[in-house]
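Chain by chain, the residues:
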Amino acid sequence: MRKKIAILGGGESGIGTAILAKKNAYEVFLSDRGKIKDKFKEVLRHIEIEWEDEKHTESRIFDADVVMKSPGIPDTAPLIKQLIEKGVPVISEIEFASWFSEVPVIGITGSNGKTTVTNLVQHLLKEGGVNSGMGGNIGNSYAKMVAEETHDWFVLELSSFQLDGIEKFNPHIAILTNITPDHLDRYDYKLENYIASKFRITENQTEEDYFIYDADDKNITEWLKRHPVKSQKLPFSIEKKIGNGAYIENENIVVNINNSKFTMPTSELALQGKHNTKNAMAASMVSQLLRIRKQTIRESMASFQGVEHRLEKVLKINNVLYINDSKATNVNATFYALESMESETVWILGGVDKGNVYDDLLPLVNEKVKAIICLGVDNEKIKASFGNIVETMVETTSMNEAVQMAYRLADKGDNVLLSPACASFDLFENYEDRGRQFKEAVRNL
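A. Local environment of the packing of helix 11 (residues 274-289) against helix 12 (residues 294-303). For the pair helix 11 and helix 12, the least separation of the axes is 10 Å and the interaxial angle reads 150 degrees. Taken together, the axes of helix 11 and helix 12 lie roughly antiparallel to each other. In the crossing of helix 11 with helix 12, the sense of the turn from one axis to the other is right-handed. On helix 12, the residues that touch A280, A283, S284, S287 and Q288 of helix 11 are K294, I297 and M301. The residue inventory of the contact of helix 11 with helix 12, partitioned by class, reads four nonpolar, three polar and one charged.

Right, dumping it as structure tokens:
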């Protein structure tokens, strides 16, 4: 009997799972309650997969041996609850893909910095001559790569939603960049549930595996005291000296793993700022574990170009620098952005609030922000948080309007920073759409 899989969601992860399941002789049915994009419908027709959109035919879904649900579908959805009650296994695409691959994985998660670290690790491996494929939460899905590509390593960015649906998935090297409150709406507004979700990246690791993490992060260090991990711990810190791991000494990054040492001046890193120093530490520890030449690591760190929508310098107009940080979908990411501003800043923020608390930003806003432009459907919380600190605050309902307003408010030498601290789904498709609209509006000034 052929095994049956039902796939819920027709985005990147759903299509990747369909391709891999078909290749492994599963009977595949894909169902999406929303509309499937035309480019994905083409793929489904091409590989002859049965699919539906704008509805769920429950009889077909309950008939499956296993159900893969896309990361965007919460565990609390009635259909998911019913499947679990009936004893149908519900897994993530990451878990499903891992069943068909022996290739070791470098898995990267965290509230902030995971996209930068994923891209930086891939850049280092490529420069070091390692055949690696990058995907997961960015680019191609893990399942699609397992089905179609041949590599010696996979470098995967992993969201907490993807990790929620794993059972056996086990990265050989796991990186946890940091943990700050995010997506709490999906975790009963309990930070400990969200932390537990991030730590699932380590749950199947053994003594043969490695866990790289930020030793300055209280949420991580407190959790580790109560929940020991089996893998070999490699912490990094910019506050203290570390025996086995990475730290800062005399303005140098020092990576010391099992008495093999690598050093590099922080001034030579392509990406500046404290958070990027940490990102560089995490990535250079991976390079050390894979025995990439130290000179290659140094050159790669100095040549890395950064990530689109993450503190991306767009243009200078009338000596005003426009910066796209659309990927800052939570308060902590915006904290890093504001911390790195060295001139007076006109700050564009707003969107779908995920339970944000803005208190940590108040000193930075007081010091660096001259005007706030709200870009969201509901801006009451932003007005309440910053109304007394910033003299000028305006509300806008489109990116063009926000950018034109910023153009009028900014003086020579200022920055205009899009760093929303919120999700984008009220006015935009996603953070990429928001960032591209910002860049286009700036270029049209």
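Once the structure has been displayed, the description carries forward.
B. Local environment of the packing of helix 9 (residues 191-199) against helix 10 (residues 218-226). Remark: helix 9 packs on helix 10, axes separated minimally by 11 Å, with the N-to-C direction vectors making an angle of 80 degrees. Between helix 9 and helix 10, the angle falls in the class roughly perpendicular. Contacts between helix 9 and helix 10 involve L191, E192, I195, A196 and F199 from the former and N219, I220, W223 and L224 from the latter. When grouped by side-chain class, the residues that make up the contact of helix 9 with helix 10 number seven nonpolar, one polar and one charged.

C. Representation of unusual backbone geometry. The backbone phi angle of N318 is positive, close to 50 degrees, even though this residue is not glycine. Relative to the assigned elements, N318 resides in the loop between strand 15 (312-317) and strand 16 (320-324). With relative accessibility at 49%, the residue N318 sits in the partly exposed group. The phi dihedral of N319 is positive, around 65 degrees, even though this residue is not glycine. Locating N319 in the fold gives a position in the loop between strand 15 and strand 16.

D. A look at the sheet that holds strand 15. Taken in spatial order, the six strands make up an open sheet running 15-16-20-17-18-19, and their pairing is mixed. In the strand order of this sheet, the two ends are held by strand 15 and strand 19 (392-396), each with one partner. Here the strands of the sheet are splayed against their neighbours by 20 degrees on average, with no regard to which way each runs. In terms of strand pairing, strand 18 (residues 369-375) meets strand 19 through five bridges, oriented parallel. Each bridged residue has a counterpart across the sheet, and for L375 the counterpart in strand 19 is T396.

How each quantity is defined
- Residues numbered from 1 in each chain as written.
- Predicted model: local features only at pLDDT ≥ 70, side-chain atom pairs only at ≥ 80, totals over all residues.
- Heavy atoms only, no water.
- Axes fitted to C-alpha atoms, helices over the stretch in contact; angles between N-to-C directions.
- Helix = DSSP H or I, 4+ residues; strand = E, 2+ residues; numbered from the N terminus.
- Parallel < 35°, antiparallel > 145°, perpendicular 65-115°, else oblique.
- Left-handed = near helix turned anticlockwise from the far one by under 90°.
- Contact = heavy atoms within 4.5 Å.
- Nonpolar A, V, L, I, M, F, W, Y, C, P; charged D, E, K, R; others polar.
- Buried < 20%, exposed > 50% of the residue type's maximum accessible area, 1.4 Å probe, protein only.
- Pairing = 2+ DSSP bridges.

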